[in-house]
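Here is how the chains run, residue by residue.
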Amino acid sequence: MKLARKHLLGMEGVSRTEIETLLNSAETFKEILDRKIPKVPSLRGLTAVNLFFEPSTRTRLSFELAEKRLSADSVSISPSGSSSEKGESLIDTIHNVEAMKVDFLIVRHSAAGAPHFLASRCDVAVINAGDGCHEHPTQALLDLFTIRQHLPTFEGLKVAILGDIAHSRVARSNIWALRTMGADVTLCAPRTLLPPGIEDLGAKIHPRLDDLIDEMDIIMVLRIQKERQGESFLPSSREYARHFSLTRSRADRMKANSFIMHPGPINRGIEMAPEVADGPRSVILDQVTNGVAVRMAVLYLLAGGETDHALAN
Ligand code: CP
């Protein structure tokens, strides 16, 4: 199967067939990553530029590793040390990068819609690595891939997304992707951390974690994004933790075979207890591991690759 799109800007509008194609391809790349030499020549001759205008550990490193594992040439720039510090606009930066004949732009930016803006104005393939509070599509794909490793189907799966929904691009991408795959998504957060109209994306809202905890197959915990909260959204971290933190006693009430996810980085002791993050229900480090295979699949398919041929290359 091929992917009939040039860019990956969000999970909104990505079909079930496309998601399955991406996940199946990631399965193949995961097998490659388990080999003694985890490298294939699939993208030899192609060049990827990773433009991270916001901090990142997991996404940036896993894109860089994915590019290297696929034998693409790969360079990364951040605003510090680039000419954006001298006032160069984003579009001028991109036109200059494009003039050096690159094939992929992987973009993280604080402005929602920045990757869409670039995709409409340049010829290279653009991948959204997180735009403001809008979308983070490769995070949702690696989350789905991790879920699929543990559970046979998305259909009817009960997933709670817990915490700072208002500032979370991970929440938006996961709502789109999980709903497309047939999962039942419930958002649990204080009113101040629920953006108006979020239920229009097809998720339910429930304000009490203690009412949900024993029904959920998955609890996806989100980071409290203090850096995006210009005003006080919470009375205090302690008050937040009392009602919404995934504590050990709450995690102990989860049903058998249910599990806990978090996109990282974690505020330990605020949205989640340290022993829960490191406990037996946590698949947080599996999510990180799977990020490389999923990003390999995204790059490979956007370059025109076919799922059935990945291993033959
Ligand atoms: N999950 C995630 O986007 O992490 P980073 O900010 O470290 O890339």
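Procedures and definitions
- Residues numbered from 1 in each chain as written.
- Predicted model: local features only at pLDDT ≥ 70, side-chain atom pairs only at ≥ 80, totals over all residues.
- Heavy atoms only, no water.
- Axes fitted to C-alpha atoms, helices over the stretch in contact; angles between N-to-C directions.
- Helix = DSSP H or I, 4+ residues; strand = E, 2+ residues; numbered from the N terminus.
- Parallel < 35°, antiparallel > 145°, perpendicular 65-115°, else oblique.
- Left-handed = near helix turned anticlockwise from the far one by under 90°.
- Contact = heavy atoms within 4.5 Å.
- Nonpolar A, V, L, I, M, F, W, Y, C, P; charged D, E, K, R; others polar.
- Near = heavy atom within 4 Å.
- Polar contact = N/O pair within 3.5 Å; in protein donor to acceptor, adjacent residues only side chain to side chain.
- Areas by Shrake-Rupley, 256 points an atom, 1.4 Å probe, with all protein chains shown as cover.
- Domains from an automatic or database assignment.
- Phe/Tyr/Trp six-rings, centres within 6.5 Å; stacked < 30°, edge-to-face > 60°.
- Buried < 20%, exposed > 50% of the residue type's maximum accessible area, 1.4 Å probe, protein only.
- Salt bridge = Lys/Arg side-chain N within 4 Å of Asp/Glu carboxyl O.
- Pairing = 2+ DSSP bridges.
- Right-handed = clockwise from strand over helix to strand, strands pointing away.
- Buried area = accessible area lost by both parts, 1.4 Å probe.

Visitor: Describe the packing of helix H2 (residues 58-69) against helix H11 (residues 284-302), and please don't skip the residues or the numbers.
Guide: Contact geometry for H2 and H11: axes closest at 8 Å, N-to-C directions at 55 degrees. In terms of orientation, H2 lies oblique with respect to H11. The hand of the H2/H11 crossing is right-handed. From H2, Arg 58, Thr 59, Ser 62, Phe 63, Leu 65, Ala 66, Glu 67 and Arg 69 reach across to H11, where they touch Val 288, Gly 291, Val 292, Arg 295, Met 296 and Leu 299. A class-by-class count of the residues in the contact of H2 with H11 yields seven nonpolar, three polar and four charged.

Visitor: An account of the site of the ligand is needed here, citing residue identities and associated values.
Guide: Taken together, Ser 56, Thr 57, Arg 58, Thr 59, Arg 108, His 136, Gln 139, Pro 263 and Gly 264 are the residues near the ligand. Arg 108 is positioned with one of its side-chain polar atoms (N or O) 2.9 Å from an oxygen atom of the ligand. Interatomic distance of 2.8 Å between a backbone N/O atom of Pro 263 and a nitrogen atom of the ligand. Expressed as a share of its isolated accessible area of 260 Å², the protein-covered part of the ligand is 90%. Tallied by class, residues from the shell around the ligand come to one nonpolar, six polar and two charged. The residues that make up the shell around the ligand include at least three from each of domain 1 (16-135 + 291-309) and domain 2 (137-287).

Visitor: Kindly report on the packing of aromatic side chains, identifying the contributing residues and their values.
Guide: Think of a pair of aromatic rings as described by two things: how far the centres are apart, and how the planes are tilted against each other in angle. Throughout the structure, instances matching the rule amount to two aromatic pairs. Between Phe 29 and Tyr 300 the ring centres are 5.2 Å apart and the planes differ by 70 degrees, which places this aromatic pair in the edge-to-face class. Linking Phe 29 in helix H1 (residues 16-33) with Tyr 300 in helix H11, this pair joins segments that are 271 residues apart in sequence. In this structure, Phe 29 and Tyr 300 share a single accessibility class: buried. On the basis of an interplanar angle of 25 degrees and a centroid distance of 5.5 Å, the ring pair of Tyr 240 and Phe 244 is categorised as stacked. Linking Tyr 240 with Phe 244, this pair stays in helix H8 (residues 237-244), spanning four residues, or about one helical turn. Under the relative-accessibility criterion, Tyr 240 is labelled buried at 3%.

Visitor: Lay out the side chain of Ser 245 with the relevant residues and their values.
Guide: As for its placement among the helices and strands, Ser 245 is situated in the loop between H8 and helix H9 (248-252). Non-local contacts of Ser 245, meaning those with residues more than four positions away in its chain, are made with Leu 209, Tyr 240, Arg 250, Ile 270, Glu 271, Met 272 and Ala 273.

Visitor: Explain the pattern of salt bridges residue by residue, including any values.
Guide: Taken as a whole, this structure holds 13 salt bridges when the rule is applied. In this structure, Glu 18 engages Arg 5 in a salt bridge whose closest nitrogen and oxygen atoms are separated by 2.7 Å. Residue Glu 18 is found in helix H1, and its partner Arg 5 is found in the segment before H1; the two are separated by 13 residues along the sequence. Judged by relative accessible area, Arg 5 falls into the partly exposed class, the value being 26%. Two residues, Arg 208 and Asp 211, come together in a salt bridge whose shortest N-O distance is 3.3 Å. According to the relative accessible area criterion, Asp 211 is partly exposed, its value standing at 35%.

Visitor: Residue-level account of the pairing of strand E2 (residues 73-77), with values.
Guide: Bridging between strand E1 (residues 47-52) and E2 involves five bridges; their strand directions are parallel. For Ala 48, the partnering residue across the bridge sits in E2 and is Ser 74. Viewed along the sheet, the connection from E1 through H2 into E2 turns out right-handed.

Visitor: I'd like a description of the domain arrangement of the protein chain, backed by residues and values.
Guide: Entries for the protein chain in the domain assignment read domain 1 (16-135 + 291-309) and domain 2 (137-287). The C-alpha-based centres of domain 1 and domain 2 are spaced at 26 Å. Residue-level contacts link 26 residues of domain 1 with 27 residues of domain 2. When the two sides are added together, the surface that domain 1 and domain 2 hide from each other amounts to roughly 2,200 Å², 58% of it contributed by carbon and sulfur. On the surface where domain 1 and domain 2 come into contact, there are three salt bridges.

Visitor: So what's going on with the sheet that holds E1? Residues and values would help.
Guide: Spatial ordering of the open sheet is given by E2-E1-E3-E4, a layout of four strands whose pairing is parallel. Of all strands in the sheet, those with a lone pairing partner are E2 and strand E4 (125-131), marking the two edges. Taking each pair of neighbouring strands and ignoring which way they run, the sheet shows an average axis angle of 15 degrees. Where E1 lies against strand E3 (residues 104-109), five bridges are found, and the strand directions are parallel. Residue pairing for E3: Val 49 is matched across the bridge by Leu 105.

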